[in-house]
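The chain contents come next:
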Amino acid sequence: EPPVAEQHLRQVDRGLQDIGMCIGLASHLYFRLGLTGRDSGVLHHSKMPEDRSAPKLRDGYVAAEHLTRAAAKKVTLLHILGPCPVTLQIVPREDPKRVFQAFVQGDAIVAYRNDACVLSYSTRGCAVAVQVDFLARTRVGQLQAPRDLLPLPQDLQAWHEECLRSANNARSLEEETVPLPLMRMTRLLPSVP
């Protein structure tokens, strides 16, 4: 039998799954957006002063998957479990100069479309949240599909461009050292500076 903490997290995940399915049923009418499925839940905990920085992402396959998920349209459910208060920052994609803030004390569930806004949160103490993404149905066809992609966050875009530059340089030296997903991207963009 799994530990008690894991059982509770599974209950939270099932609850978010149920809410997401309800949103999915109504999303086509209200959002004009069909949902096709969900990603696995992600547990977030606030970074504490004693925590080290995240390791660099070196695996090209993991990087390509991360980039694909970051650019995909989705409905995100974020269950904030506390215990410390959290400040949400919501920025509409249409008007990035407008920033809305909300103060959350305790348990709360936030649902948002990532093509409509960007959400971030901060806390002064320890906070835990569970995130589940429900993927939007995308268009098919080479001309229509790029319209369904969102711009990458600036730090992720800079990292991606650096990887493409490195892969492009390595391609001229030795193709076996370049992960296949990055090789494909550099072939699509041969003039990476």
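Bear in mind that the values here come from a model prediction, so they are computed numbers and not experimental data.

Caption draft 1: Region of interest: the overall build of the chain. Within the chain, the secondary structure is distributed over four helices and eight strands. Order of helices (α) and strands (β) in the chain, N terminus to C terminus: α-β-β-α-β-β-β-β-β-β-α-α. Within the span of the chain, comprising 193 residues, buried residues form 32% of the whole. When contacts within the chain are restricted to residue pairs at least 6 apart in sequence, long-range pairs at least 24 apart make up 74% of them. In the form shown here, the chain has an accessible surface area of approximately 13,200 Å², with 57% of it arising from carbon and sulfur atoms.

Caption draft 2: The arrangement of the environment of Cys-117 in detail. Take Cys-117: it is sitting in strand β7 (residues 117-123). For the pair Cys-117 and Pro-96, spaced 21 residues apart in sequence, the C-alpha to C-alpha distance is 8.8 Å. With residues up to four places along the chain from it excluded, the contact list for Cys-117 reads Ile-90, Val-91, Pro-92, Arg-93 and Tyr-112.

Caption draft 3: Local environment of the side chain of His-79. Structurally, His-79 is set in strand β3 (residues 74-83). Residue classification places His-79 among the buried positions, given a relative accessible area of 10%. A polar side-chain atom of His-79 sits 2.6 Å from a polar atom in the side chain of Asp-107. With near-sequence residues (within four places) excluded, His-79 lies in contact with Val-12, Leu-16, Asp-107, Ala-108, Ile-109, Val-128, Ala-129 and Val-130.

Caption draft 4: Structural view of the side chain of Asn-114. In this fold, Asn-114 is placed in the loop between β6 (108-113) and β7. Take Asn-114: its relative accessible area is 8%, and that puts it in the buried class. Of note is the side chain of Asn-114, whose polar atom sits 2.9 Å from the backbone oxygen of Ala-72. With residues up to four places along the chain from it excluded, the contact list for Asn-114 reads Ala-72, Lys-73, Lys-74, Arg-93 and Leu-150.

Caption draft 5: Region of the structure containing the sheet that holds strand β5 (residues 100-104). Spatially, β5-β4-β7 is the arrangement adopted by the three strands of the open sheet, whose pairing is antiparallel. Among the strands making up the open sheet, the edge pair consists of β5 and β7. Neighbour to neighbour, the strand axes of the sheet diverge by 20° on average, direction disregarded. Two elements, strand β4 (residues 86-92) and β5, share five bridges in a ladder whose sense is antiparallel. Counterpart to Thr-87 in the pairing with β5 is Phe-103.

Caption draft 6: Just helix α1 (residues 4-30), in detail. Across its 27 residues, α1 extends 38 Å between first and last C-alpha, which sits within 8% of the 39 Å expected from 1.5 Å per residue. The sharpest bend along α1 measures roughly 30° and falls at Gly-24. Residues of α1 that are buried include every one of Val-12, Leu-16, Gly-20, Ile-23 and Ser-27, and no others. Where α1 is buried, its residues touch β1 (35-38), β3, β6 and β8 (127-136). Looking one or two residues beyond α1, the residue adopting positive phi is Arg-32, at roughly 55°.

Caption draft 7: Representation of a nonpolar patch on the surface. Together, Leu-9, Leu-43 and Leu-81 make up an exposed nonpolar region whose accessible area comes to about 220 Å². As for its placement among the helices and strands, Leu-43 is situated in strand β2 (residues 42-45).

Caption draft 8: Here's a closer look at unusual backbone geometry. Looking along the chain, the bond that leaves Gly-82 and enters Pro-83 is cis, with omega of 5°. If you trace the backbone, Pro-83 turns up in strand β3.

About the thresholds
- Residues numbered from 1 in each chain as written.
- Predicted model: local features only at pLDDT ≥ 70, side-chain atom pairs only at ≥ 80, totals over all residues.
- Heavy atoms only, no water.
- Helix = DSSP H or I, 4+ residues; strand = E, 2+ residues; numbered from the N terminus.
- Buried < 20%, exposed > 50% of the residue type's maximum accessible area, 1.4 Å probe, protein only.
- Contact = heavy atoms within 4.5 Å.
- Areas by Shrake-Rupley, 256 points an atom, 1.4 Å probe, with all protein chains shown as cover.
- Polar contact = N/O pair within 3.5 Å; in protein donor to acceptor, adjacent residues only side chain to side chain.
- Pairing = 2+ DSSP bridges.
- Axes fitted to C-alpha atoms, helices over the stretch in contact; angles between N-to-C directions.
- Expected span 1.5 Å × (residues − 1).
- Bend = angle between axes of the 7 residues up to and from the residue.
- Patch = residues over 30% accessible without salt bridge, like charges linked within 9 Å, V, L, I, M, F, W, Y side chains within 5 Å.
- Salt bridge = Lys/Arg side-chain N within 4 Å of Asp/Glu carboxyl O.

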